[in-house]
2 protein chains.
Amino acid sequence: MTDPQPVLEKVRKGRKGAGLTLRDVAKLAGVAPITASRALNTPDAVSETVLKKVREAVERTGYVPNLLAGGLASKKSRLVAAVVPTIVGPIFLETVQSLTESLAAAGYQLMLGQSGYENSREDALLEAIIGRRPDGVVLTGIMRSPESRKRLLASGIPVVETWDLTPTPIDMLVGFSHENIGIAVARHLHAAGRRRVAVIAGVDERSRRRAKSFSDEAVRLGMAAGGVTEIPLCMVPAPTTLGSGRTGLSDLLGQDAAIDGVFCSSDVLAMGVMIEAQVRGISIPGQLAVMGFGDLSFSRDLHPQLTTVRIDGTGIGKVAAQFIIDRADGLQVADRVHDIGFTIIERESV
Amino acid sequence: MTDPQPVLEKVRKGRKGAGLTLRDVAKLAGVAPITASRALNTPDAVSETVLKKVREAVERTGYVPNLLAGGLASKKSRLVAAVVPTIVGPIFLETVQSLTESLAAAGYQLMLGQSGYENSREDALLEAIIGRRPDGVVLTGIMRSPESRKRLLASGIPVVETWDLTPTPIDMLVGFSHENIGIAVARHLHAAGRRRVAVIAGVDERSRRRAKSFSDEAVRLGMAAGGVTEIPLCMVPAPTTLGSGRTGLSDLLGQDAAIDGVFCSSDVLAMGVMIEAQVRGISIPGQLAVMGFGDLSFSRDLHPQLTTVRIDGTGIGKVAAQFIIDRADGLQVADRVHDIGFTIIERESV
DNA sequence: ATGAAAGCGCTAACAT
DNA sequence: ATGTTAGCGCTTTCAT
């Protein structure tokens, strides 16, 4: 009423995108704001004529809807938060990439949070996440602190935990069994005729579990030297590096010079082992079989090619995204737990 | 007025975080909403007593401010968008990590966007970004399409371009000269006595520029065989892999079996070259000097250790974050262009 | 199919 | 130091 011709003024000023609102577009199209809103969000609910006029107005002005305002009004932020321990370290990359893409395709954006390897930041991070009222949170690995878990649960935000299987998921879950991997790897090495195996693992709860079940199964299969109940183990810092792999092998060889197989908790570690073996003149797989975990892109290009455990990180991202999108659409997700499994990729290093 | 005791009801229902508003907290603390707001955002502007009461109320209810609403009202979203071609590929990881951290420390969140290697998605991505009204956008590499650049500029959002130096930045810039790197690498190889060099580069504009200036300088220094004006070049697809490095070396050797030095546009490529050389029984650095780019974490652990070009990705992230934070604080950023330089890391492969 | 009114949860601007 | 009022820009609900 007290606002004669602000649209044209603004448009003339050329301040496209900034300060331009739905009202301006609606006015330009000669309709009510709500009608313009419908034209953009539910084009089917609007007449051809109106649709065309609104689209024209949008085109002319370069209008971009304010999703903050939209989110506030509709209580759908179209934002999804992903939490990784750290983005450096190639393990979760595939998952993050596929999450970003799957979500973008459905009109959602990904907010990235790094929890770090200490608990301290978890709380602040959680606050930052909840404050944005995301439509979902994807956790890689498990939230450690029980308070954080409780808090997240209480917030009512859909949660997908990934890269693990836990008997007590917060909400939804897509992962695989680290225990089963340890067992499968031990059997694979055993089937390949190895009888004195060892393991190098990063200081990380899940690596440790893979190592533990590997060790247990190896002992059960009689792959421990001289009837002892534990196989040689070397723990290295997270994130894992080639250097750790190299020193890891040295360490293991110190514990038992006759080992003929080693399971590494990451492909990076395995590659370090291969380098160290080469430097020491140990032949692979002749004298030593090497297995990794992750099937990183380089593993197939090593010489010899690395036998490893493949996880479908892209698949995890897709399923997680779908879980959240379905939930946002009001669908009840039937199977809240999705075991994505794993595959042993047989190549040359065993 | 027509709202007797909703706070306690809500609190009693235990629906913490959800549906709980500043008004509820304020009522519980016995103050006006704006006062509660001040207690949380500008604690210095409020009395001790009030501060305590509000904090208590927040504690008791588990209240988390709605940043969507806050952003809408204050026109500060505390959100920063980062655009990378793809998150897979280790080059930008350090930068993204340090961005996330620096921003989180200042109360900002990072939104991750992947532009992909085709232009098609750039436009949709830009729309999604502008729609969130972020306080800043960090671009790794340069926005290709001119319309996108214009659009971003028009939106008025502070922009930091990174990983390059361009004479015509959109807004702010933190990077380094790819040309200077090519020149420096050529000189380094020349100083090491190499006289027949070649280059393997990913199909990527910046890799190509490093390769070009390397080639030019090499020719100038007389490092091309038989007085030709171009050195052997092998282009490989992006993102680069070990496999590309291996086939790349084969290809180069096919062009000129007597090359004694090769510059790779990434450490991954360099590593592939080293593997292929080892398989072929070519000694490094004896017969062939190898240089990479990126100084990835594994490069120091290779055998021989890789001589490479180090870029301070963490530094780039920090400076970019500071640029945006300063701008959001209303400070005028004096030097909008920051050359972060590069370092040649001399190790064993040359 | 279109519109009017009300409000999402917060903060800026102006009192007091 | 604290409160009142009036939006931020959109969507929901309820008319028409």
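None of the values given here were measured: they were computed from a predicted structure.

Reading guide: rules and limits
Within each chain, residue numbers correspond to sequence positions counted from 1 in written order. Chains and ligands are labelled sequentially in the order written, the chains with letters from A and the ligands with numbers from 1. Since the coordinates come from a predicted model, pLDDT governs what is reported: local features require at least 70, and pairs of side-chain atoms require 80 or more to be given and counted, while whole-chain, interface and lining totals use all residues. Only hydrogens and water are set aside when side-chain values are computed; all heavy atoms of the structure are taken into account. In this analysis, two residues are considered to be in contact whenever any of their non-hydrogen atoms come within 4.5 Å of each other. Put simply, buried area is how much 1.4 Å-probe accessible surface two parts lose in total, over both of them, once they are put together. What counts as a salt bridge is simple: a side-chain nitrogen of Lys or Arg found within 4 Å of a carboxyl oxygen of Asp or Glu. Contacts described as polar in this section are N or O atom pairs within 3.5 Å, which, within protein, must combine one atom able to donate a hydrogen with one able to accept it, while residues neighboring in sequence count only if both atoms come from side chains. Charged means Asp, Glu, Lys or Arg here, nonpolar means Ala, Val, Leu, Ile, Met, Phe, Trp, Tyr, Cys or Pro, and polar covers whatever is left, Gly included. Should DSSP find at least two bridges between two strands, the strands are regarded as paired. Secondary structure counts use DSSP, requiring at least four H or I residues in a row for a helix and at least two E residues in a row for a strand, with both numbered from the N terminus. The superposition of copies rests on a least-squares fit of C-alpha positions from residues with pLDDT of 70 or more in both. Patch construction takes residues with relative accessible area above 30% that form no salt bridge. Like charges are linked within 9 Å, and nonpolar side chains (Val, Leu, Ile, Met, Phe, Trp, Tyr) are linked within 5 Å. Using a 1.4 Å probe, accessible areas were evaluated by the Shrake-Rupley method; residue-level cover was limited to the displayed protein chains. Axis lines are fitted to C-alpha atoms, over the contacting stretch for helices. Their N-to-C directions set the angle, which ranges from 0 to 180 degrees. Angular relationships are summarised with four words: roughly parallel below 35 degrees, roughly antiparallel beyond 145, roughly perpendicular across 65 to 115, and oblique for the angles in between. For any pair of crossing helices, the crossing counts as left-handed if the nearer helix is rotated counterclockwise from the farther one by less than a right angle, and right-handed if it is rotated clockwise. The criterion for a residue being near a molecule or strand is simple. One of its heavy atoms has to lie within 4 Å of it. UniProt positions are given in the numbering used here, feature names are shortened, and annotations may be inferred rather than shown by experiment. The span expected for a helix works out to 1.5 Å for each residue beyond the first.

A. Highlighting the interface of chain B and chain A. Tallying the contact residues gives 50 residues for chain B and 51 residues for chain A. For the pairing of chain B and chain A, the buried interface totals around 4700 Å² over both sides, and the portion due to carbon and sulfur atoms is 60%. Counting every contact that joins chain B to chain A gives 2 salt bridges. The closest approach of N and O atoms between Arg 121 of chain A and Glu 101 of chain B, which form a salt bridge, is 3.7 Å. For the interface between chain B and chain A, the tally reads 22 residue pairs in polar contact (both at pLDDT 80 or more). Across the side of chain B that touches chain A, the residue classes tally to 25 nonpolar, 15 polar and 10 charged. As paired strands, strand β2 (residues 109–114) of chain A and strand β2 (residues 109–114) of chain B are joined by 3 bridges and run antiparallel to one another. The partner of Leu 110 of chain A across the bridge, within β2 of chain B, is Leu 112 of chain B.

B. Broad picture of the relation of the copies chain B and chain A. The operation relating chain B to chain A is a screw motion whose rotation component is 180 degrees, with 0.0 Å of axial translation and a residual RMSD of 0.1 Å. When the rotation and shift are considered jointly, the pair of chain copies conforms to a two-fold rotation axis. Within chain B, Met 111 of chain B has its C-alpha nearest the rotation axis, a separation of 2.2 Å. Both copies share a contact surface, since 100% of the interface residues of chain B are interface residues in chain A too.

C. Summary view of a nonpolar patch on the surface. Where nonpolar side chains cluster on the molecular surface, the patch consists of Val 203, Leu 233 and Met 235 of chain A and spans about 230 Å² of accessible area. With respect to the helices and strands, the residue Met 235 of chain A is situated in strand β7 (residues 233–236).

D. Highlighting the packing of helix α11 (residues 242–255) of chain B against helix α12 (residues 267–280) of chain B. All names here are of chain B. Running from N to C, α11 and α12 point in directions that differ by 60 degrees, and their axes come no closer than 7 Å. Taken together, α11 and α12 sit at an angle that is classed as oblique. Classified by chirality, the crossing of α12 by α11 is right-handed. Every residue of α12 that contacts α11 at Leu 242, Ser 244, Gly 245, Arg 246, Leu 249, Ser 250 and Leu 253 is listed here: Val 268, Leu 269, Met 271, Gly 272, Val 273, Ile 275, Glu 276, Ala 277, Val 279 and Arg 280. When the residues that make up the contact of α11 with α12 are grouped by side-chain class, the tally is 10 nonpolar, 4 polar and 3 charged.

E. Layout of the protein's contact with DNA strand D. Close to DNA strand D lie 25 residues, the nearest being Leu 22, Ser 37 and Tyr 63 of chain A together with Thr 35 and Arg 38 of chain B. Restricting attention to atoms of DNA strand D within 4 Å of the protein, one finds that 65% of them are sugar or phosphate atoms. The backbone of Leu 22 of chain A places a nitrogen or oxygen atom 2.4 Å from a phosphate oxygen of DNA strand D. A distance of 2.3 Å separates a phosphate oxygen of DNA strand D from a polar atom in the side chain of Tyr 63 of chain A. Looking at the surface near DNA strand D, the elements that each hand over two or more residues are α3 (33–41) and α5 (67–74) of chain A together with α3 (33–41) and α5 (67–74) of chain B.

F. A look at the side chain of Arg 347 of chain A. With respect to the helices and strands, the residue Arg 347 of chain A is situated in the segment after β12 (343–345). Here Asp 295 of chain A takes part through its side chain, which lies 2.7 Å from a polar atom of the side chain of Arg 347 of chain A.

G. Representation of the protein's contact with DNA strand C. The local shell around DNA strand C holds 24 residues, among which Thr 35 and Arg 38 of chain A together with Leu 22, Ser 37 and Tyr 63 of chain B are the closest. Considering DNA strand C, the proportion of its atoms within 4 Å of the protein that are sugar or phosphate atoms stands at 67%. One of the side-chain nitrogen or oxygen atoms of Ser 47 of chain A is found 2.8 Å away from a phosphate oxygen of DNA strand C. With respect to DNA strand C, the side chain of Ser 37 of chain B contributes an N or O atom lying 2.5 Å from a phosphate oxygen. The set of elements that each furnish at least two residues to the surface near DNA strand C consists of α3 and α5 of chain A together with α3 and α5 of chain B. In the surface near DNA strand C, the residues fall into 13 nonpolar, 8 polar and 3 charged.

H. Region of interest: the UniProt feature "domain: HTH lacI-type" (unreviewed entry) in chain A. Per the UniProt entry, the sites bearing "domain: HTH lacI-type" (unreviewed entry) are residues 20–74 of chain A in this numbering. Measuring from the first to the last C-alpha atom of residues 20–74 of chain A gives 20 Å, for a span that is 71% helix and 0% strand.

I. A look at helix α4 (residues 48–61) of chain B. The end-to-end C-alpha distance of α4 of chain B is 20 Å, a good match for the 20 Å that 14 residues give at a rise of 1.5 Å each. Of the residues one or two after α4 of chain B, Gly 62 of chain B is the one with positive phi, at around 70 degrees.

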